[in-house]
Structures are given as C-alpha cells and as structure tokens.
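So the chains spell out like this:
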Amino acid sequence: MNTEQARFNMIEQQIRPWEVLDPRVLSLLAVVKREDFVPPAYRALAFMDMEVPLPEGQCMLAPRVEARLLQELQLQSNDRVLEIGAGSGFMAALLAHSARQVFSLELSPTLAQMATHNLRHAGVSNASVRCADGVQGDRGEAPFDAIVLSGSVAAVPQTLLDQLKIGGRLVAIVGDEPVMRARLHTRVDESSWTQVDLFDTVAPRLQSFSV
C-alpha cells in the first residue's frame, strides 16, 4: 500500500467532500499518522471510509466523522479540551495538535493503555489518558474550553455541559439508531446553553453511556 497516496485519497475523496474545509484540520490529517493508531491487524483499513475495530468491541470513528467533529469545535491554540472515549488515541492526538492541553477519559483499561502508548509513540506530550467513567467528566480539571464525545450518547449529561467555560463548546453524536445527529452545544452563561444540529450520522454507543 502506498501510505501517502492512501492518506491523500482519504482527505480529498472522503473528508473534503464532507464539508471539512478548514485548512488547519486538513493539514493535521496529512501530518498525524492515522495508521499508527490503528491495531496492526487492521492497518490496511486505516484510510478507508469505515469504523476500524478496536479491542473490547469498541471502534475508531470513520475519518470523515472525526474530521468534521474536530472542525466544529473550532479549537484555539490555548484551549483546554476534554475528550470522552480515548479509543486508540487518534482523536486525542488531533486535539493535542490544535489545543494547549487535552484530557482524555477511557473506561476500558486496555484501550486507555493502548491510547497512552500510541500518543507517546507519536511524540504527543500535551495529551493525557486516564482510565475513568466519562459520564462524570473531569471535575478536577474543569472548566474546559471544549469537550468532545468520541462516540454516541442517547443524551448529553448535564454534568458535562456544566464543565464548559462560558463560551465553551461541546460536540457529541446524540440519539438512537437509526437516527442520530452530531450536535454542538455552546455555553452562553452560568445557566444557559445553545444547541445546533450539525449533520446526521450513526456511531457506536460510548461504553460509559451504554447502560
């Protein structure tokens, strides 16, 4: 496989047509090596328009979904970000290249260890992975400029919305199959948030939110 050609095709044929036009996001996808975050058995699937299997029944989201969620957060270089569901660590790596600090919570010890290893191997030093239940967020590090849920939920817990700074953004895939929508929540003040539906998609339920 010609890795660089496959990466180029992923960006130009899958991601850009899905309304991911932010040059910063497109550049990141060319630089952060997605194949290094894919389990070796599935390396050939790294650039395909599909979810890649991970241990314990989890998966990496399709590249176009990851890219669109990242774009919608509109991260700034000084932002502090919380990720719920580390998976293999790829989204955390993208976030870390866009923000000052990333805190990623992963319920599965196996995946938390995998993500930590992959991030270290990629030389990412401003993202940390903690084995914890993401439903409660991370009160010790809150508030955050941005929060991303790397999987679907039936509804976004108020606990997470409360951990946004005023002006902070949260993106999540919300709903139940067959109808789910990516949704952007923005904190307006101490007691109110706006929400905007971004696009329709379907994603596996985050492990923390499956019961």
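Just so it is clear, the structure is predicted and the values come from calculations on it, not from any experiment.

Right, let's get into the overall build of the chain. Summing up its helical and strand segments, the chain has six helices and nine strands in all. Against the 2.2 N^0.38 benchmark of 17 Å for 211 residues, the chain shows a C-alpha radius of gyration of 16 Å, consistent with a compact globule. Structurally, the chain occupies a C-alpha span of about 50 × 35 × 35 Å along its principal axes. For the chain, buried positions account for 53% of its 211 residues. Residue pairs in contact within the chain that sit at least 24 positions apart in sequence constitute 55% of those at least 6 positions apart. For the chain, the computed accessible surface area is about 9400 Å², with 51% contributed by carbon and sulfur atoms. Distance from the positive charge centre (19 side chains) to the negative charge centre (25 side chains) of the chain: 3 Å.

Another aspect to go through is the layout of surface pockets. The calculated volume of the largest pocket comes to roughly 320 Å³. Along the walls of the largest pocket sit 29 residues, with C59, G85, G87, S150 and L206 positioned nearest its centre. Elements that contribute at least two residues to the lining of the largest pocket include exactly β2 (59–60), β3 (80–84), α4 (90–98), β4 (101–106) and β6 (144–153).

This next bit is on the packing of helix α3 (residues 63–73) against α4. For any two helices packed against each other, one specifies the crossing angle of their axes together with the interaxial distance. One can describe the packing of α3 onto α4 by two numbers: an axis separation of 11 Å at closest approach and a directional angle of 30°. When the interaxial angle is binned, α3 and α4 end up roughly parallel. Two packed elements cross with a definite hand, and for α3 against α4 that hand is right-handed. Contacts between α3 and α4 involve E66, L69, L70 and L73 on the former and, on the latter, F90, M91, L94, L95 and S98.

The sheet built from seven strands is open, its strands ordered β5-β4-β3-β6-β7-β8-β9 with mixed pairing. The outermost strands of the open sheet, each flanked by one partner alone, are β5 (127–131) and β9 (192–201). The sheet shows a mean angle of 15° between the axes of neighbouring strands, direction not considered. Each of β6, β7 (164–176), β8 (179–189) and β9 touches α3; the most contacted strand, β7, lies at about 155° to it. In the packing of helix α5 (residues 109–121) onto the sheet, the strands contacted are β4 and β5, and the crossing angle to β5 comes to about 165°.

A separate point is the pairing of β7. Two strands pair when backbone bridges link them, and β6 and β7 are joined in this way by six bridges, in the parallel orientation. Looking at the pairing, S152 lines up with I173 of β7. As defined by bridge partners, β7 adjoins β8 across eight bridges and the pair is classed as antiparallel. Opposite D176, over in β8, you have V179 as the bridge partner. Counting the residues that bridge the hairpin from β7 to β8 gives two residues.

To continue, consider the packing of aromatic side chains. Applying the stated criterion to the full structure yields three aromatic pairs. A ring pair is formed by W18 and F199, whose centres lie 4.9 Å apart and whose planes are at 70°; its orientation type is edge-to-face. Highlighted residues: W18 in the loop between α1 (3–15) and α2 (23–31) and F199 in strand β9, separated in sequence by 181 residues. Residue class for F199 comes out buried when judged on its relative accessible area of 9%. One cation-aromatic arrangement involves R64 over W18; the distance from NZ or CZ to the ring centre is 4.5 Å. Across the ring face of W18, the terminal group of R68 is positioned such that the distance to the ring centre comes to 5.9 Å.

Here is what the cut-offs are and how they apply
Residues numbered from 1 in each chain as written. Predicted model: local features only at pLDDT ≥ 70, side-chain atom pairs only at ≥ 80, totals over all residues. Heavy atoms only, no water. Helix = DSSP H or I, 4+ residues; strand = E, 2+ residues; numbered from the N terminus. Rg over C-alpha atoms; globule rule 2.2 N^0.38 Å. Buried < 20%, exposed > 50% of the residue type's maximum accessible area, 1.4 Å probe, protein only. Contact = heavy atoms within 4.5 Å. Areas by Shrake-Rupley, 256 points an atom, 1.4 Å probe, with all protein chains shown as cover. Lys, Arg positive; Asp, Glu negative; His and termini not counted. Charge placed at Lys NZ, Arg CZ, Asp CG, Glu CD. 1 Å grid on protein atoms, 1.4 Å probe; cavity = no way out; pocket = protein on both sides within 12 Å on 5 of 7 lines; lining within 4 Å. Points joined across faces, edges and corners; volume = space filled by probe spheres on them. Axes fitted to C-alpha atoms, helices over the stretch in contact; angles between N-to-C directions. Parallel < 35°, antiparallel > 145°, perpendicular 65-115°, else oblique. Left-handed = near helix turned anticlockwise from the far one by under 90°. Pairing = 2+ DSSP bridges. Phe/Tyr/Trp six-rings, centres within 6.5 Å; stacked < 30°, edge-to-face > 60°. Lys NZ or Arg CZ within 6 Å of the ring centre and 35° of its normal.

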